[in-house]
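Coordinate inspection notes
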Amino acid sequence: MGSCHYTNRGLYNKYDKNSKERAAEDYYSTPGCEVLNILNTLDIDFSNQSILEPSIGGGHMAEGINEYLAARGCSNVELIGSDIQDRGYKNDNWQLGYGKDYDFFSDEYPNDKVDWIIMNPPYSVIEPFMIRSLEIAEKGIIMLARLQILEGSGRYENVLKDNPPTDVYVYVDRIQCWKNGIKPTGTSAQAYAWVLWDKARIGNGTQLHWIRRSEN
């Protein structure tokens with residue numbers, strides 16, 4: 001099984017984690033129906049396990065997770081959500097934390113081990129999110145990202161070479177993430193994919209799949 005060769009110091013190299021722009025910009029929430037879409041496709045029983053959403057924003061992804069867990073009948077699931085900025089999401093089923101004490105890149109981040117991470121991190125800092133998630137998640141990572149996440153020599157050397165995703169689900173048709181949490185109109189110019197790391201299978205090749213967007 002592959003393992004990250006980054007240290008925490010290398011992770012934050014040339015990255016200003018206190019940047020004001022980080023809280024204000026690059027917030028594109030995931031339609032809950034698309035979270036439900038991928039989880040229905042994977043059909044994972046999360047019972048007696050923990051799920052972390054480290055960039056929970058307005059809770060759009062969390063609501064998709066909630067709907068799946070209820071429909072699938074998963075029980076005793078520990079739900080943890082955090083974000084550097086409080087965007088108003090409240091849910092008693094989730095352990096929520098906001099602000100600099102819940103910065104995913106902080107050495108003091110309180111959630112250092114979970115079973116699963118499900119996320120759509122800001123693309124501008126997606127590489128350190130990937131690295132940190134590979135350190136924390138014990139069973140797997142399910143991440144929505146632009147398809148171009150799979151290219152780039154730096155990202156390949158820093159992450160993908162030693163930790164290739166086990167599965168990639170490419171959208172056949174375009175989906176739209178919601179800038180600043182507001183449902184858009186029109187069409188999207190971005191191609192998206194769900195990128196998965198099953199920690200038990202890292203290093204055994206990457207399987208390519210296609211997925212259609214939700215009819216909802």
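Our subject in this report is the structure included herewith. (Residues numbered from 1 in each chain as written. Predicted model: local features only at pLDDT ≥ 70, side-chain atom pairs only at ≥ 80, totals over all residues. Heavy atoms only, no water.)

Side note on the nonpolar core
Applicable threshold: Only buried Ala, Val, Leu, Ile, Met, Phe, Trp, Tyr and Cys residues count toward a nonpolar core, and they belong to the same one when joined by side-chain atoms within 4.5 Å. For the exposure calls, accessible area comes from a 1.4 Å probe over protein chains only, and a residue counts as buried if that area is under 20% of its type's maximum, exposed if over 50%, partly exposed in between. Each helix is a run of DSSP H or I of at least 4 residues and each strand a run of E of at least 2, with the numbering of both proceeding from the N terminus. Residues are treated as being in contact if the distance between any of their heavy atoms lies within 4.5 Å.
Core analysis: the biggest nonpolar cluster contains 31 residues, and Leu39, Phe46, Ile51, Ile65, Leu69, Ile142 and Trp194 have the highest contact counts within it. Elements supplying a minimum of two residues to this core: helix H3 (32-42), helix H4 (60-72), strand E4 (94-98), strand E5 (114-119), strand E6 (137-146), strand E7 (167-171) and strand E9 (192-198). Trp194 has contacts with Thr30, Glu34, Val35, Ile38, Met61, Ile142, Met143, Leu144, Asp167, Val168, Tyr169 and Tyr171, leaving out every residue within four places of it along the chain. Core analysis: the next-biggest nonpolar cluster, separate from the first, contains 26 residues, Tyr109, Ile131, Ile136 and Ala145 among them.

Structural notes on the packing of aromatic side chains
Pairs of aromatic rings are described using the distance from one ring centre to the other and the angle between the two planes. The test is simple: Here is the rule: rings of Phe, Tyr and Trp (six-membered ring for Trp) pair when centre to centre is within 6.5 Å. Planes less than 30 degrees apart are stacked, more than 60 are edge-to-face, and the remainder are tilted. Definition used: whenever NZ (Lys) or CZ (Arg) falls within 6 Å of the ring centre and also within 35 degrees of the ring normal, the charge is taken to sit over that ring.
Scanning the entire structure with this criterion turns up six aromatic pairs. Summarising the aromatic geometry, the rings of Phe104 and Tyr109 are spaced 5.2 Å apart at their centres and angled 85° between planes, so their arrangement reads as edge-to-face. One exposure class covers both Phe104 and Tyr109, and it is buried. Grouping aromatic residues by their ring pairs yields a cluster made of Phe104, Phe105, Tyr109 and Phe129. Taking the ring centre of Tyr123 as reference, the NZ or CZ of Arg146 above it sits at 4.4 Å.

Details of the sheet that holds strand E2 (residues 50-53)
Each strand in a sheet pairs with its neighbour through backbone hydrogen bonds, running either in the same direction (parallel) or in the opposite one (antiparallel). Our working definition: When DSSP finds at least two bridges between two strands, those strands are taken to pair. All axes here are fitted lines through C-alpha atoms, helices being fitted over the stretch that makes contact, and every angle between N-to-C directions spans 0 to 180 degrees.
Spatial ordering of the open sheet is given by E4-E3-E2-E5-E6-E9-E7-E10, a layout of eight strands whose pairing is mixed. Unpaired on one side and paired on the other, E4 and strand E10 (207-211) mark the two borders of the sheet. Strand-to-strand, the axes of this sheet are offset by a mean angle of 15°, without reference to chain direction. In this sheet, E6 lies alongside E5 in parallel orientation, the contact comprising five bridges. Residue Met119 lies in a different strand from E6, and its bridge partner there is Met143.

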